[in-house]
Structure formats: structure tokens, C-alpha cells
Amino acid sequence: IGDAMEKSGIKLKDGDKLSINKRVAVTEDTRLDIQRAFTVTLICDGRKQKLKTTDCTVDEFLKKSGVHLNEDDIVKPKKTQKLTKNTTVQVKRVTYKNTEKVVTVKYETTVKYDDSMYEEQVKVQRKGKDGQARNYYRKKYIDGKYHSTELVKSEVIKEPVNKIVVWGSKPSLY
């Protein structure tokens with residue numbers, strides 16, 4: 001095949017694929033298909049590369065190119081899409097960082113009514129006191145840049161003590 005291709009002026013370019021081995025002898029029934037390679041731009045891990053490939057999906061291209069994908073990595077176009085000439089394939093790496101923070105839990109105010117006290121009388125039966133909680137967060141980064149934060153869980157460390165205010169409900173004399 002190789003000799004027949006050379007005599008016919010058929011040249012293979014970088015990345016082209018033959019349907020059969022070049023060393024196979026030519027017969028009447030020999031059929032030769034050439035898949036011509038085309039250029040695809042790969043943007044991944046801070047690098048932009050122009051690579052040659054033949055007819056395949058984005059996923060196949062990434063595997064052939066030695067790109068390992070993590071579960072949450074973002075790939076555009078979709079991994080199942082067939083590649084065409086001058087397609088740009090972009091892989092955005094997604095990583096996470098877990099953090100925690102102690103936050104204040106504000107106390108609430110409870111109002112009670114007492115008919116032994118006049119309407120204009122108010123007293124604080126119990127002062128309020130803030131509590132504390134430990135919040136656990138999951139921060140998401142795309143290509144090393146902060147993207148979002150998700151509250152994963154919150155644990156109360158110290159319960160707040162609610163303030164109790166008593167209002168008089170007895171009608172005034174004047």
C-alpha cells in the first residue's frame with residue numbers, strides 16, 4: 001500500500017489514519033480509507049494547545065491526549081459531542097476546600113402578658129444571651145478561582161438564652 005500511495009502521489013499528513021497497514025500488498029479488492037486529521041484547540045490546566053485528531057468524540061480526544069478528568073471537572077463541549085475542524089475543547093478543573101467558622105446565634109425575644117401589671121408597665125424577666133454555632137462550609141473553586149460556598153452543616157455549640165419581656169395588660173386608671 002505504501003508504494004502504491006507514493007506512486008499515486010497520496011501523502012499522509014501528521015495525525016492522518018489509514019484503514020489498513022501500509023505494508024499490506026495491494027490486490028483488486030483492496031480498499032483504502034484515509035481519515036484526514038484536523039486541528040482541535042485544547043485549553044486545560046492553564047495551557048492552550050493545538051492538537052491533531054481524526055473523527056472522534058470529545059471524550060475520546062481527551063483520553064488520547066492524556067487528559068485525566070475528575071468527577072466534577074467541567075468539559076465544553078459535552079464529552080459525547082463529535083469533534084469537527086477548529087473545535088475548541090475546554091477543561092475547567094473543579095476543586096473544593098472545606099472550612100469551618102464559629103458564628104453567633106442571636107437570641108430571640110419572647111413577650112408575655114401579665115394582668116397584674118398596668119398596660120404601660122414593662123419589665124425584663126430574663127436577659128437574652130447569644131449562643132454559638134460551628135458552621136462547616138464547602139468552597140468550590142474552578143480553575144483555582146473562587147466560585148461559590150455551600151453550608152454543609154451547622155452544629156450548635158452553645159444554645160442562645162431567649163430574652164423574656166413582660167408587658168402589663170391591666171387597664172390603666174386614667
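Below is a short write-up of the structure. (Residues numbered from 1 in each chain as written. Predicted model: local features only at pLDDT ≥ 70, side-chain atom pairs only at ≥ 80, totals over all residues. Heavy atoms only, no water.)

### Side note on the overall build of the protein
Okay, step 1: Tallying secondary structure elements over the protein gives two helices and twelve strands in all.
Okay, step 2: Beginning at the N terminus, the succession of helices and strands in the protein can be written as α-β-β-β-β-α-β-β-β-β-β-β-β-β.
Okay, step 3: Counting every position in the protein, which comprises 174 residues, the buried fraction comes to 21%.
Okay, step 4: Taking as baseline every contact in the protein between residues at least 6 positions apart, the subset at least 24 positions apart corresponds to 58%. (Helix = DSSP H or I, 4+ residues; strand = E, 2+ residues; numbered from the N terminus. Buried < 20%, exposed > 50% of the residue type's maximum accessible area, 1.4 Å probe, protein only. Contact = heavy atoms within 4.5 Å.)

### So, a nonpolar patch on the surface
Okay, step 1: Taken together, the side chains of Val111, Tyr113, Val122 and Trp167 define a hydrophobic patch exposed on the protein surface, amounting to about 410 Å² of accessible area.
Okay, step 2: You can see Tyr113 is positioned in strand E8 (residues 109–118). (Patch = residues over 30% accessible without salt bridge, like charges linked within 9 Å, V, L, I, M, F, W, Y side chains within 5 Å. Areas by Shrake-Rupley, 256 points an atom, 1.4 Å probe, with all protein chains shown as cover. Salt bridge = Lys/Arg side-chain N within 4 Å of Asp/Glu carboxyl O.)

### Remarks on the pairing of strand E12 (residues 163–170)
Taken residue by residue, a regular strand's side chains alternate between the two faces of the sheet.
Okay, step 1: Strand direction decides the pairing type here: E8 and E12, joined by seven bridges, are parallel. From the neighbouring strand, Lys112 faces E12, where its bridge partner is Val166.
Okay, step 2: Pairing of strand E9 (residues 122–126) with E12, which is carried by four bridges, proceeds in the antiparallel orientation. In the sheet register, Val124 faces E12, and the bridge partner there is Val165. (Pairing = 2+ DSSP bridges.)

### Focus on the side chain of Arg93
Okay, step 1: Its place among the elements puts Arg93 in the loop between strand E6 (88–92) and strand E7 (94–105).
Okay, step 2: A residue is classified by how much of its surface remains accessible, and Arg93, at 16% relative accessible area, is buried.
Okay, step 3: In terms of polar contacts, Arg93 uses its side chain to reach the backbone carbonyl oxygen of His68, at 2.6 Å.
Okay, step 4: Apart from residues no more than four positions distant in its own chain, Arg93 is found in contact with Cys44, Asp45, Val67, His68, Leu69, Asn70, Asp73, Tyr141, Ile142 and Asp143. (Polar contact = N/O pair within 3.5 Å; in protein donor to acceptor, adjacent residues only side chain to side chain.)

### Some points on the environment of Ser65
Okay, step 1: When you line up the elements, Ser65 lands in the loop between helix H2 (58–64) and strand E5 (74–76).
Okay, step 2: A distance of 2.8 Å separates a polar atom in the side chain of Ser65 from the backbone oxygen of Phe61.

### Some details on the sheet that holds strand E10 (residues 131–142)
Okay, step 1: A sheet is described by the order of its strands in space; here three strands give the open sequence E7-E10-E11, paired in antiparallel fashion. For this open sheet the edge positions go to E7 and strand E11 (145–158), each flanked by a neighbour on one side alone. When strand polarity is set aside, the average angle formed by the axes of neighbouring strands in this sheet is 20°.
Okay, step 2: Of the strand pairs in this sheet, E10 and E11 are connected by eleven bridges, and their pairing is antiparallel. Note on E11: the bridge partner recorded for Arg138 is Glu150. (Axes fitted to C-alpha atoms, helices over the stretch in contact; angles between N-to-C directions.)

### Topic: the pattern of salt bridges
Okay, step 1: Counted under the stated rule, the structure contains six salt bridges.
Okay, step 2: The salt bridge partner of Asp59 is Lys63, with a shortest N-O separation of 3.2 Å. Taken together, the residues Asp59 and Lys63, both in helix H2 and four residues apart, mark about one turn of the helix.
Okay, step 3: Accessibility expressed as a relative area gives 23% for Asp59, which makes it partly exposed.
Okay, step 4: One salt bridge connects Asp73 with Arg93, and the closest N-O pair in it is separated by 2.7 Å. Taken together, the positions of Asp73 in the loop between H2 and E5 and Arg93 in the loop between E6 and E7 put the pair 20 residues apart, joining distant regions of the chain.
Okay, step 5: Residue classification places Asp73 among the buried residues on the basis of a relative accessible area of 10%.
Okay, step 6: It is possible to trace a salt-bridge network through shared partners that takes in Asp45, Asp73 and Arg93.

### Observations concerning the packing of aromatic side chains
Okay, step 1: Inspection of the entire model under this criterion finds one aromatic pair.
Okay, step 2: With centroids separated by 6.0 Å and ring planes inclined at 75°, the aromatic side chains of Tyr141 and Tyr146 adopt a geometry described as edge-to-face.
Okay, step 3: By relative accessible area, which is 49% here, Tyr146 ends up partly exposed.
Okay, step 4: Stacked on the ring of Tyr96, the Lys or Arg Arg138 has its end atom at 3.5 Å from the ring centre.
Okay, step 5: In this structure, Lys153 packs its charged tip against the face of Tyr136, placed 5.2 Å from the ring centre. (Phe/Tyr/Trp six-rings, centres within 6.5 Å; stacked < 30°, edge-to-face > 60°. Lys NZ or Arg CZ within 6 Å of the ring centre and 35° of its normal.)

Everything listed here is a matter of geometry and, on its own, says nothing about what the molecule does.
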